[in-house]
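Residue-level listing of the chains:
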Amino acid sequence: MKSMAIVVRDDAYDKILTPLAFAYLAAAEGTKVDMLFVNWAVKALTKEGAESLKVDGRHAEQDAWVRERVAKAGLPPDVYDIIKALKDTGNVNFYACSLAGAIFGVDDKNLVPEAEGIVGASWFLNEKAAKAEHYQYF
Amino acid sequence: MAEIKATTTLDTSGKCCPMPMVETTKAIKALAPGDILEIVATDVGTRRDIPSWCERSGHTLLSMTEQDKVLRYFVRKA
């Protein structure tokens, strides 16, 4: 697989792990991965937002337990550290959706340096998602 | 069966997906063609992940064994 595009919408700590793990696997094998963060998930591309992610819903009480298990599995339990690890592969690009940024308060000032920038969804869908060999939505 | 001599060993015991594969792909990059990487794993997901990765990447899976929940793979780098 040469390229993969992923749209991430869900910002619950446990739910964001899957797209990040899939991206890590693909990138480790040399696949170019482009990730667009939309809706609340855009906040994961800020340091403060990444740190504030929590397990929510009916599993909310198990937040600490999940983090412990993530660390045991070998992944950094902090989402920002996972983002940095993905960036270090040299194969992952992170993009913040401009609409999500405007709604949820993410701009060039608080975006993590690992992100490529704030982009329009049209550009991502046409230039990245439509051209990728594989496309996923979380 | 003659014993396979590994050039290097990667122990991923205790770690789970995606780390065994991430670390395996990283470890093989550091080897020369023909070198043999031994991978020790406890993640049962590697039972399929490693053989299919070998097939995709052209590396040769020389051996795959499982004993007491410990999986051991020997992979020759393409």
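Look above for the structure.
J.: Lay out the overall build of chain A with the relevant residues and their values.
T.: Broken down by element type, chain A carries six helices and five strands. Each helix and strand of chain A, placed in order from N terminus to C terminus, yields the pattern β-α-β-α-α-α-β-α-β-α-β. For chain A, whose C-alpha radius of gyration is 14 Å, the value lies close to the compact-globule estimate of 14 Å for 138 residues. Projected onto its principal axes, the C-alpha coordinates of chain A cover approximately 40 × 35 × 25 Å. Looking at chain A residue by residue over its 138 residues, the buried ones come to 40%. Within chain A, residue pairs in contact and separated by at least 24 positions form 72% of the contacts whose partners lie at least 6 positions apart.

J.: Describe the interface of chain B and chain A, listing the residues and the values that go with them.
T.: Interfaces are often sized by the accessible area lost when the parts come together. Chain B puts ten residues into the contact, and the matching count from chain A is nine residues. A breakdown of the residues in the side of chain B that touches chain A according to their chemical character gives six nonpolar, two polar and two charged.

J.: Describe the sheet that holds strand 1 (residues 3-8) of chain A, and please don't skip the residues or the numbers.
T.: By way of backbone hydrogen bonds, the strands of a sheet pair with one another, either parallel or antiparallel. Residue and element names in this part refer to chain A. Read from one edge of the open sheet, five strands run 4-3-2-1-5, paired in parallel fashion. On the outer flanks of this sheet lie strand 4 (115-119) and strand 5 (134-137), each paired with one strand and no other. Direction aside, neighbouring strands of the sheet carry axes that sit 20° apart on average. Bridge count between strand 2 (residues 32-37) and strand 3 (residues 92-97): five bridges; the pairing is parallel. By the bridge assignment, Val33 is partnered in strand 3 with Val92.

J.: Explain the nonpolar core residue by residue, including any values.
T.: Residue and element names in this part refer to chain A. If you look at the biggest cluster of nonpolar residues, it comprises 58 residues, and the most contacted ones within it are Ala23, Met35, Phe37 and Ala96. Tallying contributions element by element places helix 1 (residues 13-28) first for this core, with eleven residues. Once residues lying within four places of it in the same chain are set aside, the contact partners of Phe37 are Val8, Val42, Ala44, Leu45, Phe94, Ala96, Cys97 and Ala100.

J.: Just give me the short version of unusual backbone geometry, but keep the residues and values in it.
T.: Look at the link from Cys17 of chain B to Pro18 of chain B: it is a cis peptide, with omega at 15°. Summarising the element assignment, Pro18 of chain B is placed in the loop between strand 1 (8-11) and helix 1 (19-29). Phi is positive for Asn39 of chain A, which is not a glycine, with a value near 50°. Along the chain, Asn39 of chain A falls in the loop between strand 2 and helix 2 (47-52).

J.: Break down the environment of Thr31 of chain A for me, with residues and values.
T.: All names here are of chain A. Note on placement: Thr31 falls in the loop between helix 1 and strand 2. A C-alpha to C-alpha distance of 13 Å links Thr31 and Ala21, two positions ten residues apart in sequence. Ignoring any residue separated from it by four or fewer positions in sequence, one finds Thr31 in contact with Met1, Lys2, Ser3, Met4, Ala26 and Asn91.

J.: Before we move on, can you summarise the sheet that holds strand 2 (residues 36-41) of chain B with the specific residues and values?
T.: Residue and element names in this part refer to chain B. Spatially, 1-2-4-3 is the arrangement adopted by the four strands of the open sheet, whose pairing is mixed. Each edge of the open sheet is held by one strand with a lone partner, namely strand 1 and strand 3 (60-67). For this sheet the average axis-to-axis angle between neighbouring strands, irrespective of direction, equals 15°. Two elements, strand 1 and strand 2, share four bridges in a ladder whose sense is parallel. Bridging from a neighbouring strand, Thr9 pairs with Glu38 of strand 2. Against the sheet, helix 2 (residues 46-57) makes contact with strand 2, strand 3 and strand 4 (70-76), and its axis sits at roughly 170° relative to strand 3, the strand it touches most.

J.: Got a sec to walk through the pairing of strand 2 of chain A? Specific residues and values, please.
T.: Residue and element names in this part refer to chain A. With five of six residues buried, strand 2 is to be regarded as a mostly interior element. Here six bridges tie strand 1 to strand 2, and the two strands are oriented parallel to one another. Across the sheet, the residue bridging to Val8 is Phe37, located in strand 2. Taking the sense of rotation as the criterion, the β-α-β connection linking strand 1, helix 1 and strand 2 turns out right-handed.

About the thresholds
Residues numbered from 1 in each chain as written. Chains lettered and ligands numbered in written order. Predicted model: local features only at pLDDT ≥ 70, side-chain atom pairs only at ≥ 80, totals over all residues. Helix = DSSP H or I, 4+ residues; strand = E, 2+ residues; numbered from the N terminus. Rg over C-alpha atoms; globule rule 2.2 N^0.38 Å. Buried ≥ 20, exposed ≤ 12 C-beta atoms within 10 Å, placed from the backbone. Contact = placed C-beta atoms within 7 Å. Nonpolar A, V, L, I, M, F, W, Y, C, P; charged D, E, K, R; others polar. Pairing = 2+ DSSP bridges. Axes fitted to C-alpha atoms, helices over the stretch in contact; angles between N-to-C directions. Core = buried A, V, L, I, M, F, W, Y, C linked by C-beta atoms within 7 Å. Right-handed = clockwise from strand over helix to strand, strands pointing away.

Read these as geometric descriptors, not functional statements.
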